[in-house]
Amino acid sequence: MKRIEINASQPYPVLADRCFLSEAGTLIRRCAEDAGKAAVVTDDIVDGLYGDAVTESIRGTGFAVCRFILPHGEASKNGENYLKLLNFLAEERLSRSDLIVALGGGVVGDLAGFAAATYLRGIRYIQIPTTLLAQVDSSVGGKTAIDLPTGKNLAGVFYPPALVLCDIGTLDTLPEDVFTDGCAEVIKYGILGDEALFRHLEERGTGFDREYVIPRCIERKRALVAEDEFDRGKRQLLNLGHTLGHAAEMLSRYRLSHGRAVAMGLAEVTRAALADGSCSRECASRILAVLRRFGLPDRSEYPGEDLYQAMLSDKKRRGERTSLIVPEEIGRCVIRSCTLEEMREFFRRGRRPGGSV
Ligand code: NAD
Ligand code: GLY
């Protein structure tokens, strides 16, 4: 079993292996010896696949276990379900020494984490991510959130989990399109800071070696979280492709999946970086080729001005300024502070005919 220590304000380990959910109870017990009760939060699909195994394993180590099941999908990550979950925890009389186990993808993890951060002003929670995206990104780093009707992830706090159990075997049941979504985030890590990882993805496509790639992505995230847990500096690099990606998601009214939207963002920021001379044609061609190899979109069809207006909701914006994450080489990106007008012009230039790859 691979162990990756996350050096956050409250340090915690990520344990990664294949098919070890039956050991979840023992591993959770080790980090919560005083806890009496665990609330498993999951969605209806994941519950049908892994809910019983995880519940039985936790129960087997002396916990009383209750279960809260959300309908699957992004629409569940809302204020109504958040309050329902808080009420459920109160009705089940979870106390400060008890814990929440978030079993599922990023939707479950974000909402359960936010509930854990705020119920009784904070109780412990464990992440058991079951999608590729959640394993390489959302379960690590302590960002929790719910969506508001006005936008995605607009209410949330930084609140690190006590433990992350990353069972790579759970990905075997993942629908192909959900797996492909997570691949956009994996590709992002390669572009950000790992040429060897990127090359592996170029060579293997979706058949990449999961035991090699997933821990490697977690290591990348670990380094950025250790340096900048609260997203004031270098952690923002993780937003590569997300400024335009979030805008595309918003314009689609969230019918477009996060991963595909991020792929569009990666493609558009790459063309823009090529057009303004920040990245070479070779670098841009490799990024666009890898997106195509994974069956991910390599452009966004939304009009530039609509995207720009939606980008104004980006959380990186500070008044009239924002920051852009710009690829320079495979394995090297920079954070560029700019005015909103400069951002508009940057993406506009990338869309002009002539510089296309
Ligand atoms: P998701 O949680 O909606 O899961 C996608 C689908 O896969 C769901 O239908 C789910 O039921 C199903 N599923 C999950 N695991 C499965 C399995 N093992 N087998 C079969 N089906 C399974 O989506 P996601 O892509 O995991 O997460 C997206 C969310 O993550 C978004 O809300 C996004 O904002 C958030 N996110 C958060 C962070 C963070 O740092 N906190 C980072 C990136 C994304
Ligand atoms: N997913 C971006 C971050 O964790 O900062």
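Quick caveat: nothing in here was measured; it's all calculated off a predicted structure. (Residues numbered from 1 in each chain as written. Chains lettered and ligands numbered in written order. Predicted model: local features only at pLDDT ≥ 70, side-chain atom pairs only at ≥ 80, totals over all residues. Heavy atoms only, no water.)

Enquirer: Is there a simple way to explain the overall build of the protein in this structure?
Expert: In terms of regular secondary structure, the protein is built from 13 helices and 11 strands. Relative to its length of 357 residues, the protein is compact, with a C-alpha radius of gyration of 20 Å against a globular reference of 21 Å. Expressed as lengths along the three principal axes of its C-alpha atoms, the size of the protein is roughly 65 × 40 × 35 Å. Within the structure as shown, the protein displays about 14,500 Å² of accessible surface, and the carbon and sulfur contribution to it stands at 49%. Here the protein contributes 48 positively and 50 negatively charged side chains, and the mean placements of these two sets differ by 3 Å. (Helix = DSSP H or I, 4+ residues; strand = E, 2+ residues; numbered from the N terminus. Rg over C-alpha atoms; globule rule 2.2 N^0.38 Å. Areas by Shrake-Rupley, 256 points an atom, 1.4 Å probe, with all protein chains shown as cover. Lys, Arg positive; Asp, Glu negative; His and termini not counted. Charge placed at Lys NZ, Arg CZ, Asp CG, Glu CD.)

Enquirer: Teacher, can you tell me more about the pairing of strand β4 (residues 64-70) here?
Expert: Looking along a regular strand, one sees side chains alternate from face to face of the sheet. Taken together, the 7 bridges between strand β3 (residues 37-43) and β4 define a ladder with parallel strand orientation. Its bridge partner lying in β4, Ala39 is registered against Cys66. In terms of handedness, the path from β3 via helix α2 (residues 44-59) over to β4 forms a crossover that is right-handed. (Pairing = 2+ DSSP bridges. Right-handed = clockwise from strand over helix to strand, strands pointing away.)

Enquirer: Got a minute to help me understand helix α10 (residues 258-275) in this structure?
Expert: Since there are 3.6 residues in each turn of an α-helix, residues three or four apart along the chain are aligned in direction. If you check α10, its first and last C-alpha atoms are 26 Å apart, about what 18 residues at 1.5 Å a residue would give, namely 26 Å. Burial of α10 is extensive: 15 of the 18 residues sit out of reach of the surface. Directly after α10, the chain includes Gly277, whose backbone phi takes a positive value near 80 degrees. (Expected span 1.5 Å × (residues − 1). Buried < 20%, exposed > 50% of the residue type's maximum accessible area, 1.4 Å probe, protein only.)

Enquirer: Help me understand the site of ligand 1 in this model?
Expert: Lining the immediate environment of ligand 1, one finds 26 residues, of which Asp43, Glu74, Thr130, Thr131 and Thr173 sit closest. Within the backbone of Val107, a nitrogen or oxygen atom sits 3.1 Å from an oxygen atom of ligand 1. A distance of 3.4 Å separates an oxygen atom of ligand 1 from a polar side-chain atom of Asn153. Contact with the protein chains covers 90% of the free accessible surface of ligand 1, which is 880 Å². It is α2 that contributes the most residues to the shell around ligand 1, 4 residues altogether. Grouping the amino acids of the shell around ligand 1 by side-chain chemistry returns 9 nonpolar, 9 polar and 8 charged. (Near = heavy atom within 4 Å. Polar contact = N/O pair within 3.5 Å; in protein donor to acceptor, adjacent residues only side chain to side chain. Nonpolar A, V, L, I, M, F, W, Y, C, P; charged D, E, K, R; others polar.)

Enquirer: Looking at this structure, I do not really get the site of ligand 2. What am I missing?
Expert: In the vicinity of ligand 2, the residues found are Asp137, Lys143, Lys221, Arg235 and Leu238. Interatomic distance of 3.0 Å between a side-chain N/O atom of Asp137 and a nitrogen atom of ligand 2. Interatomic distance of 2.6 Å between a side-chain N/O atom of Lys221 and an oxygen atom of ligand 2. Expressed as a share of its isolated accessible area of 200 Å², the protein-covered part of ligand 2 is 86%. Here the residues of the shell around ligand 2 are counted per class, giving 1 nonpolar, no polar and 4 charged.

Enquirer: Help me out: how do you make sense of the pattern of salt bridges in this one?
Expert: Any two side chains of opposite charge can pair, on the condition that their charged atoms come close. All chains considered together, the criterion is met by 35 salt bridges. Of the charged contacts, one joins Glu195 and Arg199 as a salt bridge, the two residues approaching to 2.9 Å between their closest N and O atoms. With Glu195 and Arg199 both in helix α7 (residues 195-204) and 4 residues apart, this pair spans about one turn of that helix. Classification of Glu195 by relative accessible area gives partly exposed; the value is 27%. Three or more residues joined by partner-sharing salt bridges are found here, namely Glu74, Lys77, Asp110, Asp147, Lys152 and Glu249. (Salt bridge = Lys/Arg side-chain N within 4 Å of Asp/Glu carboxyl O.)

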